[in-house]
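# Structure at a glance
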Amino acid sequence: MSTVEQDPYATAEDLVARSAAAYAASVPEDPADEGFFGPGSVAWRVSRDLSSPVAGLRALLLQALHPLAMAGVDQHSDWRRDPVGRLAATSAYLATINFAERAVAERAAARVRRIHERVTGVDTVTGRRYAAGDPALLLWVHSTLVESGIVAAGLFGTPLSAADSDRYVAEMVVAAELVGVPPGQVPASAAELDRYLSSVRPELRCTAAAQESMAYLLDPPGLDEDIAEIWQFIRNAAVASLPPWARGRYGYPEPEPLTDSRRAEFRQALGVLDTVFLGEPGVLEARQRIELRARAARRP
Amino acid sequence: MKRLACALTVGGLLAAAALLCRRLLRSGLAGGRAGATRLRVERGRAAVQLAVRGGVRYASSAPRLFASAGEHRQQLRTDLALQTAEDVASTLGAMKGVLMKIGQMASYVDDGLSPAVRRTLSRLQDSVPPMSAELAARVVTEELGQPPERVFGRWDPEPIAAASIGQVHRAITRDGRAVAVKVQYPGIAETIAADLQNVALLRRMLKITAPSQDVDALIAELRDRVLEELDYRREASNQQTIAAHFAGHPTIQVPGIVSELSTRRVVTSELADGARFAELAGWSQQERDLAAETIYRFTFRSLYGAHLFNGDPHPGNYLFHGGGRVTFLDFGLVKCFSLAELQPLIDMVRYLCVDEDPEGFRAAMVRAGFLLPDAPVSTDTVVEHMAVFYDTVRRPGRLQITGDYASAVVRRFFDVRSPLARYVSVPRSYVILQRINLGLFAVLGELTATADWRAIAEEIWPFVQGRPATPMGEAEAAWRASRGDPEPLPA
């Protein structure tokens, strides 16, 4: 399937356990400061929203449509050898940026920038050179994640008001800057974000690597049977939340309309997945740490 | 072959719930023998088979059960308290409240949940903080018309225990009675009802091979049972009935309900205190025997005398006071029998243990619906298979009930490989009685209790009405006489 001889993907059997461990370990015990966002931020609210697994999957589906971003992942990272580890690392990074004190978040971002420096090459599909540190690619990855957070919360979680959406986009600018997007280039309002996303659309295409990677994510092999069942709902929710043009690029069939009852069903599946996640060691304590900080901040 | 059979019974429901939890929460079945989990879907016997697996494991690992739902959250995180009904909805919505209820219902009968599932369910309970004092007060105000400080003479805003979907506060009524007030989380009933209305996910999770209308009926049954438990009025009325039945009993105590302070979401009962089940480990065997005798008398006096069975013989629901005095708590799940339902059961005991009439026993089993009328098995086989159930009462003499015995009883009854297994089933109205075996014997086994169970049973059996067999029996006879209950006939 792949354009380059590649190893087959490893199974995803530990997806929940490893993501949970990565998350729990990244929420600090006793941070020196409130980090880049803080308890009152919309960013905290979005990251804690029930819909966030759908947001993450939706973001990956969009990100993979950028051929250069996809090539970087496909050719360099541990993606094929250890896709679950790669996802867990991403989840750890996001939790760190959200909840860790600034110095720790900065160190994590510096580490990501260093790794990106080594990720360069030529995309075999477009023939174009790519570099993971290219601000254009970083911006695409950043923007899809931010937009997906808003869309998923709107459909399956606690929707953001227009004002909070703007605030969220503005808050998240710093996250893009941390990984190396120069100041001033990052969309700072929901309208700017939409304009930016539309402007990139002509470059997007579904390469074989994207098709293959996303097929893996939509139906991860080796998942425990019961998790696999839940995952189908998460997957369907993510695909249903994509803009029609993105589904079109992948050739995914049009999903059933998102009626209220269908959305409730997806919310239920998210709740069950969240319960499983909560059952993993350390997750409840990590959430309680965050909740206590949020409450302390609300106190007059 | 799908794993889940559709049995529209309480037991089937609970078994289904247990399986649902398993499936939802990715458990491996104990022992990991996938083959053993493949149950043939056959109406009737399916209920037995489903209960089997849970039952055996319940009894064999009973000690693990001995932590009540509330004890998981003994350390109430008031710093994380739920402050609004929205907090309740976001904490327990999206199926979490449903999973919690199902998990509790399943844990009563089925300890076969894998460690992973039990951990997940217990973490789920841990993840639900208590209500803030203000929120609890708001519920009381909505239910009783005035804030708790006005309704009660004194009100302790700090909860003393977590209930499954609520919490317990201490208070003193205006006329000076110390009471326990169970307050339900606001909006929880609506949240759970909404999740049980939208059944596509459940339906898929249940993955029943039975026709879809049966799945829907099963889910409807699940919804009814869960919603029933969410209405505290039912529990209050059960408790009131039982408290009245045992009023003045020398060793059985049931806290009275303060009806004028009990509603759908608030139930007020007399405050009881005493030693928890776990503490009995440090008590003398004599004390444990007495406690066991009281539990035994309570179970069968309820059944034969009041035609009621408390379906929740759960160690967390007893408080012990020494001298055999036991307080019985939590009447959320009580089954009332009609005499017509009870009679075949009474006949079974009578024919097997008193009249020693195997054919009569078999005929009673058929009348009860336990055994197919034309089952091609000999009556000897039937008796041999069923006798273990009655081992404690077939012959006079002191007998110790051990955990092994409790396991053996349950294992035998639910042995799907037995020659009888194909022809037995448990009719819907009796399913709850399985908990006598699943729960009562597990509790007595845990107490390693010794007594002349036959002699005690003879006191209680209406067709024998034996003389008091123990000092407690004497005291009970005096109590019954004082109430005008019929005197035991001379043996």
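Residues numbered from 1 in each chain as written. Chains lettered and ligands numbered in written order. Predicted model: local features only at pLDDT ≥ 70, side-chain atom pairs only at ≥ 80, totals over all residues. Heavy atoms only, no water.

The next subject is the interface of chain A and chain B. How big an interface is tends to be expressed through the accessible area that disappears when the partners come together. At the junction of the two partners, chain A supplies 32 residues and chain B supplies 30 residues. Roughly 2,800 Å² of surface becomes buried between chain A and chain B when both sides are summed, with 52% attributable to carbon and sulfur atoms. Seen at the junction of chain A and chain B, the total is two salt bridges. The residue Asp274 of chain A makes a salt bridge to Lys96 of chain B at a minimum N-O spacing of 2.4 Å. (Contact = heavy atoms within 4.5 Å. Buried area = accessible area lost by both parts, 1.4 Å probe. Salt bridge = Lys/Arg side-chain N within 4 Å of Asp/Glu carboxyl O.)

This part takes up the side chain of His142 of chain A. Residues and elements named next belong to chain A. Relative to the helices and strands, His142 resides in helix α7 (residues 135-156). On the basis of relative accessible area, His142 is assigned to the buried category, the value being 10%. With residues up to four places along the chain from it excluded, the contact list for His142 reads Met172, Val173, Ala175, Ala176 and Val186. (Helix = DSSP H or I, 4+ residues; strand = E, 2+ residues; numbered from the N terminus. Buried < 20%, exposed > 50% of the residue type's maximum accessible area, 1.4 Å probe, protein only.)

Turning next to a positive patch on the surface. All names here are of chain A. The grouping of Arg107, Arg111, Arg113, Arg114 and Arg118 at the surface amounts to a positive patch. With respect to the secondary-structure elements, Arg113 resides in helix α6 (residues 102-118). By relative accessible area, Arg113 is classed as partly exposed at 34%. (Patch = residues over 30% accessible without salt bridge, like charges linked within 9 Å, V, L, I, M, F, W, Y side chains within 5 Å. Areas by Shrake-Rupley, 256 points an atom, 1.4 Å probe, with all protein chains shown as cover. Lys, Arg positive; Asp, Glu negative; His and termini not counted. Charge placed at Lys NZ, Arg CZ, Asp CG, Glu CD.)

Residues and elements named next belong to chain A. When the terminal C-alpha atoms of helix α5 (residues 83-99) are compared, their 24 Å separation across 17 residues agrees well with the 24 Å that a helix rising 1.5 Å per residue should span. Within α5, 12 of the 17 residues are buried, which leaves the element mostly enclosed by the surrounding structure. Burial in α5 covers these residues: Pro83, Val84, Gly85, Leu87, Ala88, Ala92, Tyr93, Ala95, Thr96, Ile97, Asn98 and Phe99. (Expected span 1.5 Å × (residues − 1).)

Attention now moves to the packing of aromatic side chains. One pass over the structure, following the stated rule, counts 21 aromatic pairs over all chains. When the ring of Tyr250 of chain A is compared with that of Tyr252 of chain A, the centres are 4.8 Å apart and the planes differ by 5°; the resulting orientation is stacked. Of the two residues, Tyr250 of chain A and Tyr252 of chain A, neither departs from the other in class, the shared state being buried. An aromatic cluster is present here, built from Phe246, Phe277, Phe298, Tyr318, Phe320, Phe328 and Trp479 of chain B joined pairwise through their rings. (Phe/Tyr/Trp six-rings, centres within 6.5 Å; stacked < 30°, edge-to-face > 60°.)

It is worth spelling out the nonpolar core at this point. The biggest cluster of nonpolar side chains holds 131 residues, and the ones touching the most others in it are Phe37, Leu61 and Tyr168 of chain A together with Phe152 of chain B. Not counting chain neighbours up to four residues away, the residues in contact with Phe152 of chain B comprise Val140, Leu144, Ala171, Ile172, Thr173, Arg174, Val179, Val181, Leu261 and Thr268 of chain B. Ranked by size, the runner-up nonpolar core spans 71 residues in total, among them Ala275, Ala291, Ile295 and Ile436 of chain B. (Core = buried A, V, L, I, M, F, W, Y, C linked by side-chain atoms within 4.5 Å.)

Below, the discussion takes up the confidence of the model for chain B. Residue and element names in this part refer to chain B. Predicted confidence across chain B gives a mean pLDDT of 77, with 74% of residues reaching 70 or more. Of all secondary-structure elements in chain B, the lowest mean pLDDT belongs to helix α2 (residues 34-37), at 28, while helix α8 (residues 133-144) reaches the highest, 97. Taken together, the stretch residues 1-74 has pLDDT below 50 and engages in 188 contacts with residues farther than four places along the chain or on a different chain. Note that residues 108-112 has pLDDT below 50 and, in this model, 24 contacts with residues that lie over four places away or in other chains. On the interface metric, ipTM, the complex scores 0.87, and its pTM is 0.78. (pLDDT = per-residue confidence, 0-100.)

Looking now at the side chain of Arg80 of chain A. Residues and elements named next belong to chain A. With respect to the helices and strands, Arg80 occurs in the loop between α4 (67-76) and α5. Owing to a relative accessible area of 5%, Arg80 belongs among the buried residues under this scheme. Among the polar contacts made by the side chain of Arg80, one reaches the side chain of Asp74 at a distance of 3.1 Å. Reaching out from Arg80, the side chain makes a polar contact with the side chain of Glu212 at a distance of 2.8 Å. (Polar contact = N/O pair within 3.5 Å; in protein donor to acceptor, adjacent residues only side chain to side chain.)

The next thing to look at is the pattern of salt bridges. Between side chains of opposite charge, a pair can form as their charged atoms come close. All names here are of chain B. Going through the model one piece at a time under the given rule, you end up with 31 salt bridges over all chains. Between Glu476 and Arg297 there is a salt bridge, with its nearest N and O atoms 2.8 Å apart. Separated by 179 residues along the polypeptide, Glu476 in helix α22 (residues 471-482) and Arg297 in helix α14 (residues 285-306) bring together distant segments of the chain. Glu476 sits in the buried class, given a relative accessible area of 1%.

Take the sheet that holds strand β9 (residues 325-328) of chain B next. All names here are of chain B. In spatial order, the strands read β5-β9-β8; together these three strands make up an open sheet with mixed pairing. Only two strands of the sheet have a single neighbouring strand rather than two, namely β5 (252-253) and β8 (318-322). Looking at chain direction, β5 and β9 are connected through two bridges and run parallel. Bridge pairing in β9 places Ile252 opposite Val326. Contacts from α14 reach β5, β8 and β9 within the one sheet, and its direction differs from that of β9 by about 45°. (Pairing = 2+ DSSP bridges. Axes fitted to C-alpha atoms, helices over the stretch in contact; angles between N-to-C directions.)

Residues and elements named next belong to chain B. We note that His307 has phi near 55°; this positive angle belongs to a residue other than glycine. Exposure remark for His307: the relative accessible area of 22% places this residue in the partly exposed category. In this structure, Glu356 takes a positive phi of about 50° despite not being glycine. Among the secondary structure elements, Glu356 is positioned in the loop between α15 (339-354) and α16 (358-368). A relative accessible area of 60% places Glu356 in the exposed class.

Okay, the packing of helix α1 (residues 15-26) of chain A against helix α13 (residues 260-278) of chain A next. Residue and element names in this part refer to chain A. Between α1 and α13, whose axes approach to 9 Å, the crossing angle comes to 65°. Classified by the angle their axes make, α1 and α13 are roughly perpendicular. Between α1 and α13 lies a crossing whose hand is right-handed. From α1, Val16, Ser19, Ala20 and Tyr23 reach across to α13, where they touch Leu273, Val276 and Phe277. Of the residues belonging to the contact of α1 with α13, the class tally is six nonpolar, one polar and no charged. (Parallel < 35°, antiparallel > 145°, perpendicular 65-115°, else oblique. Left-handed = near helix turned anticlockwise from the far one by under 90°. Nonpolar A, V, L, I, M, F, W, Y, C, P; charged D, E, K, R; others polar.)

Before going further, it helps to examine α22 of chain B. All names here are of chain B. In this model, α22 (12 residues) spans 17 Å end to end at C-alpha, consistent with the 16 Å of a helix rising 1.5 Å per residue. Three or more residues of α22 are buried, namely Met472, Gly473, Glu476, Ala477, Trp479 and Arg480. All buried residues of α22 lie within an arc of 160° about the axis, which places them on one face of the element. Of the exposed residues in α22, those oriented more than 90 degrees away from the buried face are Pro471 and Ser482. Phi turns positive one or two residues past the end of α22, at Gly484, with a value near 85°. (Arc of directions from axis to C-beta.)

Another point: the environment of Glu86 of chain B. Residue and element names in this part refer to chain B. Within the element layout of this structure, Glu86 appears in helix α5 (residues 85-92). Relative accessible area serves as the criterion here: at 57%, Glu86 is assigned to the exposed category. With 90 residues separating them along the chain, Glu86 and Gly176 place their C-alpha atoms 35 Å apart.

Residues and elements named next belong to chain B. Counting buried residues along strand β3 (residues 166-172), five of its seven residues qualify, which places the element largely inside the surrounding structure. In this structure, strand β1 (residues 154-155) lies alongside β3, joined through two bridges in antiparallel fashion. Of the residues in β3, the one forming a bridge with Trp155 is Ala171. If you look at the hairpin formed by strand β2 (residues 161-163) and β3, you'll find two residues sitting between the two strands. Relative to strand β4 (residues 178-184), β3 runs antiparallel, the two sharing seven bridges. Across the sheet, Val168 pairs through a bridge with Lys182, a residue of β4. Hairpin connection, β3 to β4: the antiparallel pair is bridged by five residues, and Gly176 has positive phi, about 90°.

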